[in-house]
Amino acid sequence: MRTGLSSEHSAQLEKITQRIALDPRFDMLLGAGSMVQGGFDSWSDLDLVVVARSPEAQASVMPERHAIAQSLGDLLAAFTGEHVGEPRLLICLFGPPLVHVDLKFISSTDIWQFVERPRVLWARYPVRAQEMLDSAIVRWPDRDAQWFEDRAWIWLHYGAAKLRRGELMEALGMQAYFREQVLGPMLHRRAGREQRGVRRIESDASARAELQASVAGYDATQIEAGFAHAISLYLRLREDDFPGHPVPDMPEALLQYLGN
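The shown structure was predicted, so the numbers you read here are calculated from the model rather than taken from an experiment.

S.K.: Which residues make up helix H6 (residues 145-165), and what are the values?
M.R.: Between its first and last C-alpha atoms H6 spans 31 Å; for 21 residues at 1.5 Å apiece the expected length is 30 Å, and the two agree. Approximately 30° is the largest bend angle found in H6, and it occurs at Ala152. The first or second residue beyond H6 is Gly166, which carries a positive phi of 90°.

S.K.: An account of the pattern of salt bridges is requested, with residue identities and associated values reported.
M.R.: Tallied over the entire structure, the rule returns 19 salt bridges. For Arg88, the salt bridge is made with Glu86, and the minimal N-O distance between the two is 2.9 Å. Overall, the relative accessible area of 24% leaves Arg88 in the partly exposed class. Look at Glu86 and you get buried, because its relative accessible area is 15%. A salt bridge links Lys104 to Glu86; its shortest N-O distance comes to 3.5 Å. On the criterion of sequence distance, the pair formed by Lys104 in strand S5 (residues 99-107) and Glu86 in strand S4 (residues 86-94) is long-range, its members being 18 residues apart. Each member of the salt-bridge network shares a partner with another, and the members are Arg19, Asp23, Arg25 and Glu64.

S.K.: Can you break down empty space enclosed by the protein residue by residue, with the values?
M.R.: The final tally for this structure, using the stated rule, is one cavity of 30 Å³ or more. Looking at the largest cavity, its volume works out to about 40 Å³. If you trace the largest cavity, you find it lined by Leu156, Met174, Gln175, Phe178, Arg179, Leu183, Ser214, Gly226, Phe227 and Ala230. Secondary structure elements with two or more residues in the lining of the largest cavity: helix H7 (168-190) and helix H9 (220-238). Tallying contributions element by element places H7 first for the lining of the largest cavity, with five residues. Looking at the lining of the largest cavity residue by residue, the classes come out as six nonpolar, three polar and one charged.

S.K.: Any chance you could break down the nonpolar core for me, citing the residues and the numbers?
M.R.: Grouped together as the largest cluster of nonpolar side chains are 30 residues, with contacts concentrated most on Leu156, Phe178, Leu183, Ile223 and Tyr234. The residues touching Tyr234, leaving out its near neighbours within four places in the chain, are Phe148, Glu149, Ala152, Trp153, Val182, Leu183 and Met186. Counting 26 residues, the second-largest nonpolar core is a separate cluster that includes Leu5, Leu29, Leu46 and Phe94.

S.K.: Tell me about the pairing of S5, residues and numbers included.
M.R.: Burial analysis of S5 places seven of its nine residues in the buried class, which makes it a mostly covered element. Bridge count for strand S2 (residues 46-52) against S5 is seven bridges, and the pairing is parallel. Note on S5: the bridge partner recorded for Ala52 is Ser107. By the bridge criterion, six bridges tie S4 to S5 in an arrangement that is antiparallel. Residue pairing for S5: Cys92 is matched across the bridge by Val101. Hairpin connection between S4 and S5: a loop of four residues separates the two successive antiparallel strands, and Gly95 in this loop has a positive phi of roughly 135°.

What counts and what doesn't
- Residues numbered from 1 in each chain as written.
- Predicted model: local features only at pLDDT ≥ 70, side-chain atom pairs only at ≥ 80, totals over all residues.
- Heavy atoms only, no water.
- Helix = DSSP H or I, 4+ residues; strand = E, 2+ residues; numbered from the N terminus.
- Expected span 1.5 Å × (residues − 1).
- Bend = angle between axes of the 7 residues up to and from the residue.
- Salt bridge = Lys/Arg side-chain N within 4 Å of Asp/Glu carboxyl O.
- Buried < 20%, exposed > 50% of the residue type's maximum accessible area, 1.4 Å probe, protein only.
- 1 Å grid on protein atoms, 1.4 Å probe; cavity = no way out; pocket = protein on both sides within 12 Å on 5 of 7 lines; lining within 4 Å.
- Points joined across faces, edges and corners; volume = space filled by probe spheres on them.
- Nonpolar A, V, L, I, M, F, W, Y, C, P; charged D, E, K, R; others polar.
- Core = buried A, V, L, I, M, F, W, Y, C linked by side-chain atoms within 4.5 Å.
- Contact = heavy atoms within 4.5 Å.
- Pairing = 2+ DSSP bridges.

This is how it looks when you write it as structure tokens:
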């Protein structure tokens with residue numbers, strides 16, 4: 001078993017590694033996500049990057065992704081990652097025992113920039129593979145202050161409108177979206193971390209407490225209070241890196257809209 005992996009994860013990864021190594025179109029299998037960030041546990045996904053030897057090899061692989069996944073073990077379901085802007089991604093569920101595996105198929109010519117430095121799990125040419133990864137640019141796509149400001153008030157108003165219309169489920173969904181896209185990243189920024197949504201935000205007691213106050217139940221009064229807290233928290237976090245062009249009339253107009 002590979003260090004840090006459960007027996008289920010390790011067994012699935014061995015099947016994948018053996019199958020990828022047999023296909024001459026592939027040169028590397030890389031590990032990403034919790035495998036390199038730390039915190040991998042029994043509930044983690046296997047985040048894998050499958051590297052084709054050339055753009056031509058990758059192009060031949062793309063139509064076969066489902067078939068390749070089926071050859072990697074007991075595939076239960078799979079779909080592609082257009083919803084996250086990544087059509088090269090195939091999101092898979094294997095089992096039982098159930099193991100979630102993300103397979104991202106790229107070309108060796110794409111190994112020049114990553115959001116995290118992956119780990120070589122297998123390589124046809126190990127020394128060359130490591131040299132390529134060592135020279136890659138690693139940068140998480142953090143958002144700047146204006147990105148948050150341009151979106152925050154529109155998203156908050158949209159959620160408030162759902163509340164006023166009585167669409168409480170929609171309003172709750174918008175609050176969760178705002179935490180993931182704005183408040184969580186800004187709390188990570190305040191702590192000097194990469195802006196990874198609300199990923200592992202529970203490990204930061206202060207950030208957890210701030211976000212908890214914005215979590216409402218299926219109750220209009222609670223949801224309204226959650227939006228008021230989200231507005232207040234956004235304004236405080238905005239002071240850490242103030243946007244060059246703040247949206248005018250906010251938060252006063254939105255608070256009036258909410259009835260506060």
